[in-house]
Amino acid sequence: MKQIAERAGVSRPLVSYALNGTGTISPTKRAEILQIAQELGYRPNSLARAIATGRNQVLGFIGHDEANAAEFQWRLLRGALEEAKLHGYLIKTLLTTDPELSAQFCLESRLAGLISVTASDPGFLELQRILREQKDALQTPLVLVENEEPVENAACVSTDYAAGIELVVRHLVELGHRRIAYISGGEKQFSAQNRRAHFVRIAQKWGVAPAPELLRDGLWWNRAHNVAVTRALLDLPQPPTAIVGAGDAIALCAIAVAQEKGWRVPQDLSVTGFADFQMAEFSSPALTTIAQPFEEIGALAVRCLLEYLESQDAFDAPTPAPPFRTQNTLQPLLVVRHSTAPPRV
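Computed from a predicted model, the values in this text were never measured in an experiment.

Visitor: What is the right way to read the overall build of the protein chain from this model?
Guide: What the protein chain contains, in helices and strands, is 13 helices and 12 strands. Every one of the 345 residues in the protein chain was classed for burial, and the buried ones make up 52%. A sequence separation of at least 24 residues applies to 72% of the contacts in the protein chain between residues at least 6 apart. In the form shown here, the protein chain has an accessible surface area of approximately 16900 Å², with 52% of it arising from carbon and sulfur atoms.

See the structure below:
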């Protein structure tokens, strides 16, 4: 790598960025460095890198073991796997059901970094506690995906939820809705209440500030609870003309309750979701929802880790790299299907 840097007239960290496809570097300079590397017969030495840095080219992916999270996690993991492969890294999946075993694997395998889809799960918190007690694990960078709650010394990559909610509210307002209800993902969960606050703020901005009775706390995957919440909304003396669900499952519960009561969706009630899981397309009617870029989020999480690792390598051993606290959001898309229409006059 030193020879490549000297011939290209750049620093060794810049060469490392070019070879690993990370960092901020112009396409022209990257191509020049790659051409020089090829002429010099450069081949990356994974074993030498592991010895020099004290870590392997393996990343850990910490996920839930809940069946409800299967599609969400798989799409994140697929994006992460494809990006990691481009840079010569592997990904090992870990579950929080056995935090001691997962922590042991992290330490013994000298993982280069961790990606986690959960920050509040008790198993994850226990895994974090175990790792913090191990001196060698303190420098393992962590990226949280789709997590809105701040965590010390961790980067975050997530959907821009405020932008997604604005897309939904604007869509409903432009259709003519004024009495719009919102069902959150939970009363106590930070992310659920954060999104609810976004909805209230954005609805006020668009001139459709919700009355208190139109704001209800559901539960992400609890059908019975979400059914009861929706019934309470539809039984109001002045029911809403539209319901915004914090997630697709909540929205589909709302559609089912409305249809059971003899309401037509979307003629009598418009309903929107958030996520764009496969079930949204196959519901009846097909659900208007916000599409979250899960694959792109997984890929960006890997790039964040690799760029941070490269920045660590640019520092001398006695000098620690800067704290790992970047925040990244990706824009969602509004997918208009058949569950929204102008309100009945």
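Visitor: Would you mind going over helix α11 (residues 248–260) with me for this structure?
Guide: Here α11 is 13 residues long and its end C-alpha atoms lie 18 Å apart, about the 18 Å a rise of 1.5 Å per residue gives. Taking burial as the measure, the 13 residues of α11 include 10 buried ones, the bulk of the element. In this fold, the buried residues of α11 make contact with β6 (180–184), α10 (223–234), β8 (242–245), β9 (270–272), α12 (278–282) and β10 (289–291). One or two steps after α11, the chain reaches Gly-262, where phi turns positive at roughly 90 degrees.

Visitor: When you look at the side chain of Thr-159 in this model, what are you seeing that I'm missing?
Guide: Inspection of the secondary structure assignment puts Thr-159 in strand β5 (residues 155–159). Separated by 2.6 Å, the side chains of Thr-159 and Glu-146 make a polar contact. Apart from residues lying up to four places away in sequence, Thr-159 is in contact with Glu-146, Phe-274, Gln-292, Pro-293, Ile-297, Thr-329, Leu-330 and Pro-332.

Visitor: Sorry, what's going on with the pattern of salt bridges here?
Guide: Working definition: two side chains of opposite charge can pair if their charged atoms are close together. For the coordinates displayed, the defined rule picks out 14 salt bridges. With a shortest N-O distance of 3.1 Å, Arg-179 and Glu-213 are connected by a salt bridge. Separated by 34 residues along the polypeptide, Arg-179 in the loop between α8 (161–175) and β6 and Glu-213 in the loop between α9 (190–205) and β7 (215–217) bring together distant segments of the chain. For Glu-213, a relative accessible area of 31% corresponds to the partly exposed category. The salt bridge partner of Lys-261 is Asp-235, with a shortest N-O separation of 2.8 Å. One end of the pair, Lys-261, is in the loop between α11 and β9; the other, Asp-235, is in the loop between α10 and β8, with 26 residues separating them in the sequence. Residue classification places Lys-261 among the partly exposed positions, given a relative accessible area of 38%.

Visitor: I would appreciate a short explanation of the sheet that holds β6 in the present structure.
Guide: For sheets, the rule is that strands pair by backbone hydrogen bonds, running either parallel or antiparallel. Spatially, 4 strands are ordered β7-β6-β8-β9 in an open sheet, and the strand pairing comes out parallel. Looking at strand neighbours, the two that pair on one side only are β7 and β9, the edges of this open sheet. Here the strands of the sheet are splayed against their neighbours by 20 degrees on average, with no regard to which way each runs. Sitting on the sheet, α10 is in contact with β6, β7 and β8, with an inclination near 160 degrees to β7.

Visitor: Before we go on, may I ask you to explain the sheet that holds strand β11 (residues 327–330) in this structure?
Guide: Taken in spatial order, the 6 strands line up as β2-β1-β3-β4-β5-β11 in an open sheet, and their pairing is parallel. Two strands bound the open sheet, and with one partner strand each, they are β2 (90–95) and β11. On average, adjacent strands in this sheet sit at an angle of 20 degrees to one another, irrespective of strand direction. With respect to the sheet, helix α6 (residues 99–109) is in contact with β2 and β3 (113–116), its orientation differing from that of β2 by roughly 155 degrees.

Visitor: Honestly, empty space enclosed by the protein in this entry has me stumped. Any pointers?
Guide: Leftover empty space is mapped by rolling, across the atoms, a probe with the size of a water molecule. The tally for this structure, following the rule as stated, stands at 1 cavity of 30 Å³ or more. Counted as a void, the largest cavity has a volume near 40 Å³. Lining of the largest cavity is provided by Tyr-161, Ile-165, Tyr-182, Arg-195, Val-244, Gly-245, Ala-246 and Phe-274. Taken together, the elements giving at least two residues each to the lining of the largest cavity come down to α8 and β8. Per-class residue counts for the lining of the largest cavity are 6 nonpolar, 1 polar and 1 charged.

Visitor: I keep staring at the layout of surface pockets and nothing clicks. Help me out?
Guide: Computed from the structure, the largest pocket encloses a volume of approximately 830 Å³. Taken together, 33 residues line the largest pocket, and the ones lying closest to its centre are His-64, Phe-72, Gln-189, Trp-220 and Trp-221. Secondary-structure elements contributing two or more residues to the lining of the largest pocket are α9 and α11. Among the residues making up the lining of the largest pocket, the classes are represented as 16 nonpolar, 9 polar and 8 charged.

Visitor: What exactly am I supposed to notice about the nonpolar core here?
Guide: It is characteristic of soluble globular proteins that their nonpolar side chains tend to be buried jointly. Ranked by size, the top nonpolar core spans 38 residues in total, and within it Val-169, Ile-180, Phe-199, Leu-233, Ile-243, Val-244 and Val-271 carry the most contacts. Counting only elements with at least two residues in this core, the list comes to α8, β6, α9, α10, β8 and α11. Among all residues touching Leu-233, those that are not within four sequence positions of it are Ala-181, Ile-183, Glu-213, Leu-214, Arg-216, Pro-239, Pro-240 and Ile-243. Within the second largest apolar cluster, 28 residues are counted, among which are Leu-59, Ala-69, Ile-115 and Phe-277.

Visitor: Just checking my understanding: could you explain the state of the cysteines for this structure?
Guide: Between two cysteines, a covalent bond joining their sulfur atoms is known as a disulfide. Inspection of the entire model under this criterion finds 0 disulfides. Cys-156 forms no disulfide, and the closest cysteine sulfur to it belongs to Cys-304, at a distance of 9.5 Å. Overall, the relative accessible area of 6% leaves Cys-156 in the buried class.

Visitor: Can you walk me through the packing of aromatic side chains in this structure?
Guide: What describes a pair of aromatic rings is the distance from one ring centre to the other and the angle between the planes of the rings. This model, assessed by the stated rule, comprises 5 aromatic pairs. Between the aromatic rings of Phe-277 and Phe-294, the centroid separation amounts to 5.9 Å while the plane-to-plane angle is 10 degrees, which identifies the pairing as stacked. Linking Phe-277 in the loop between β9 and α12 with Phe-294 in helix α13 (residues 294–313), this pair joins segments that are 17 residues apart in sequence. Assigned by exposure class, Phe-277 and Phe-294 land together as buried. Put simply, the rings of Phe-72, Trp-221, Phe-277 and Phe-294 touch in pairs and so form one group of aromatic residues. Between Arg-195 and the ring centre of Tyr-161, over which it is positioned, the NZ or CZ distance is 3.8 Å.

Cut-offs applied
Residues numbered from 1 in each chain as written. Predicted model: local features only at pLDDT ≥ 70, side-chain atom pairs only at ≥ 80, totals over all residues. Heavy atoms only, no water. Helix = DSSP H or I, 4+ residues; strand = E, 2+ residues; numbered from the N terminus. Buried < 20%, exposed > 50% of the residue type's maximum accessible area, 1.4 Å probe, protein only. Contact = heavy atoms within 4.5 Å. Areas by Shrake-Rupley, 256 points an atom, 1.4 Å probe, with all protein chains shown as cover. Expected span 1.5 Å × (residues − 1). Polar contact = N/O pair within 3.5 Å; in protein donor to acceptor, adjacent residues only side chain to side chain. Salt bridge = Lys/Arg side-chain N within 4 Å of Asp/Glu carboxyl O. Pairing = 2+ DSSP bridges. Axes fitted to C-alpha atoms, helices over the stretch in contact; angles between N-to-C directions. 1 Å grid on protein atoms, 1.4 Å probe; cavity = no way out; pocket = protein on both sides within 12 Å on 5 of 7 lines; lining within 4 Å. Points joined across faces, edges and corners; volume = space filled by probe spheres on them. Nonpolar A, V, L, I, M, F, W, Y, C, P; charged D, E, K, R; others polar. Core = buried A, V, L, I, M, F, W, Y, C linked by side-chain atoms within 4.5 Å. Disulfide = S-S within 2.5 Å. Phe/Tyr/Trp six-rings, centres within 6.5 Å; stacked < 30°, edge-to-face > 60°. Lys NZ or Arg CZ within 6 Å of the ring centre and 35° of its normal.

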